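# Coordinate inspection notes
Letter by letter, the chains look like this.
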Amino acid sequence: MRRVMVQGLARFSSSSSSSSRYYTHASACLAAAETSTDKSATSGGAAGHVETIIFPREGPGVNYALNWALASKGVSPQGDAYRNLKEKELKKHNAAIPGSASPAKIYARGTYSVGAADISKAQFNGIFKEVTAHLSSAAKLYVHDGAVGSSPSVDVKVRTISDSSSAALILQRILDPAPTRVVSHDAFPLTVYVASNYSPTDHERLGMVSEGKGGSIVIDYDRSTMILWGNAVNDTESVKMSLAALAAPSVTSRDALPLFSRLLVQGGSTVLLFAPESLVQNNPALLKAAVSPDLGIVWSKDGVARLFATHQPQAANLYKTPSSLVLVTADSTGAVPDISKVTAEKAAALFVAGYNGEQFHPGYQAGPGSVDPVILAKGLSALLEGSNIPAFLVNASLLSENELVKHIEATVTGKLPKMAALKSKYRKFMGHRFPDLPNELQI
């Protein structure tokens, strides 16, 4: 059919005017045909007047398949659209990584949504309409295809569409690589729109507050869509947390668990660690042992995958099943010993509570969430029991930074500190027998 159309255009153009025109976008062909028809009608078919239409004409920034794919996502490019440019190429388009960023405000909606400000379906649709119109009119668009999840067995493909080369570079560094040969939008279930040069015309009507310098992130989990505007993309931590939440329903549908956890490498073994993020960030040894500086993993029967890209050399895409699971709390009351082994059911219950010694963070969730922690806890318990993985509760308030690391290592070696059980016995006896014992004689 394409051949017939081209031949028809060729025959049509031979009877048109003599001026030569070139059209780069598919939408220009209809306009060209209309112009040629008008000229033929007014010229009375005068000989020597030929208008030539070269179609298709593709090149850098012009790809019909990509334009059709973007149109299916609500963006009809009126300018150039580039796809999967390498970092060097993006820098030629003036891409740069900002030195600092203001916090972005996060809004979300869906069947299940916690940890973000609420927004209605109608309000999201209003924002979506404005943002897609803004992107359609942009002089240049940058499309990057990537994935949340380092292993192809559990990853979720993402297509990002932005009006800024810098935004494209930031997202390229966050997302894991995805196959680049597929242009169709069907291969990318998640869509992220980035409008760096946009701000809502009416914040109040759309249920927003003025975002100031930080910009905003708006998520619709049911629609598998996320929108960033202003400087929101520069707040990479919020972007990562939002991407993790956006991808979580797709991950769970593949019999895998998206978890706010870190995977530590201890010798030839791995440990799945749930801990308050402030505690991890203040312990260099834990950060060094982590397979990724970012919070978030995907655990399935095949093993454990990172959520986001890492620039660590020779980093694996998939790690073997953990040798142990450790949940860290910080209880200074003495009710919780420094380390104790717990059953799979108990570990799941502690996971749901997510108690850090001061507050409860269900599922140890660090940001917006789209999956009920109870559902994740049931899957966690099943994986622990099915793989016969031991689980431990560690009380960091009773340990120094170095002692905490050694206790975590002990869950792999099986050489639990003997003093832990003995200290617990002493405290129980002394507290019962000598309730008024001075502090200096406490164990």
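Residues numbered from 1 in each chain as written. Predicted model: local features only at pLDDT ≥ 70, side-chain atom pairs only at ≥ 80, totals over all residues. Heavy atoms only, no water.

## Looking at the packing of aromatic side chains
Note the following rule: Here is the rule: rings of Phe, Tyr and Trp (six-membered ring for Trp) pair when centre to centre is within 6.5 Å. Planes less than 30 degrees apart are stacked, more than 60 are edge-to-face, and the remainder are tilted. What counts as a helix is a DSSP run of H or I of at least four residues, what counts as a strand is a run of E of at least two, and both are numbered from the N terminus. Think of it in three bands: residues with accessible area under 20% of the maximum for their type are buried, residues over 50% are exposed, and the middle band is partly exposed, with areas taken using a 1.4 Å probe on protein chains only. Whether a charge lies above a ring is judged from NZ of Lys or CZ of Arg, which has to be within 6 Å of the ring centre and within 35 degrees of the ring normal.
Under the criterion given, the structure shown has 7 aromatic pairs. When the centroid spacing of 5.3 Å and the interplanar angle of 90° are considered together, the rings of phenylalanine 128 and tyrosine 193 count as edge-to-face. Linking phenylalanine 128 in helix H5 (residues 121–136) with tyrosine 193 in strand S7 (residues 190–195), this pair joins segments that are 65 residues apart in sequence. Ring geometry for tyrosine 198 against tryptophan 229: centres 5.7 Å apart, planes inclined by 85°, an arrangement best described as edge-to-face. You can see tyrosine 198 sitting in the loop between S7 and strand S8 (216–220) and its partner tryptophan 229 sitting in strand S9 (residues 225–229), a full 31 residues away along the chain. Exposure remark for tyrosine 198: the relative accessible area of 9% places this residue in the buried category. Residue class for tryptophan 229 comes out buried when judged on its relative accessible area of 0%. Here the guanidinium or amino end of lysine 105 rests over the ring plane of tyrosine 107, the centre of that ring lying 5.8 Å away. In this structure, arginine 223 is placed above the aromatic ring of phenylalanine 128, and the distance from its NZ or CZ to the ring centre is 4.1 Å.

## Brief notes about the sheet that holds strand S10 (residues 257–259)
The condition that has to hold: Pairing between two strands is assigned when DSSP locates at least 2 bridges connecting them. Angles shown run from 0 to 180 degrees and are taken between the N-to-C directions of axes, each axis being a line fitted to C-alpha atoms and, for helices, limited to the stretch in contact. Note on contacts: a residue pair qualifies if any of its non-hydrogen atoms lie within 4.5 Å across the two residues.
Here we have 3 strands laid out as an open sheet, ordered S10-S13-S14, and antiparallel in their pairing. Across the chains shown, the open sheet's two edge strands, defined by having one partner strand only, are S10 and strand S14 (303–306). Neighbour to neighbour, the strand axes of the sheet diverge by 25° on average, direction disregarded. Pairing of S10 with strand S13 (residues 297–300), which is carried by 3 bridges, proceeds in the antiparallel orientation. Paired with leucine 259 across the strands is isoleucine 297, a residue of S13. Of the strands in this sheet, S10 and S13 touch helix H11 (residues 373–387), which is tilted by about 110° from S10.

## Remarks on the side chain of serine 151
Applied cut-off: Any pair of nitrogen or oxygen atoms within 3.5 Å is treated as a polar contact; in protein, a donor-acceptor pairing is required on top of that, and neighbouring residues in sequence qualify only through side-chain atoms on both sides.
For serine 151, the position within the fold is in the loop between strand S4 (140–148) and strand S5 (156–162). Only 2.9 Å separates the side chain of serine 151 from the side chain of serine 153, close enough to count as a polar contact. Look past the residues within four positions of serine 151 in its chain and what remains in contact with it is Ala305, Asn317 and Leu318.

## Here we look at helix H10 (residues 344–353)
Applicable threshold: The reported arc concerns the directions from the helix axis to the C-beta atoms and nothing else.
All of the buried residues along H10 are Ala344, Ala347, Ala348 and Phe351. Projected onto a plane normal to the axis of H10, the buried residues spread over an arc of 100° and lie on a single side. Next to the buried residues of H10 lie S10, strand S12 (269–274), strand S15 (324–329), strand S16 (339–342), H11 and strand S17 (391–395).

## A word on helix H3 (residues 64–71)
When we look at burial in H3, the residues that qualify are Tyr64, Leu66, Asn67, Ala69 and Leu70. Where H3 is buried, its residues meet strand S1 (80–83), S4 and S5. You can read the cap of H3 off the contacts: a side-chain oxygen lies 3.1 Å from the backbone nitrogen of alanine 65, and it is on asparagine 63.

## Let's talk about unusual backbone geometry
The phi torsion at asparagine 94 lies on the positive side, around 70°, for a residue other than glycine. Among the structural elements, asparagine 94 can be located in the loop between helix H4 (87–92) and strand S2 (105–109). Located in the positive-phi region is aspartate 255, a residue other than glycine, with phi close to 60°. Along the chain, the position of aspartate 255 falls in the loop between helix H7 (236–252) and S10.

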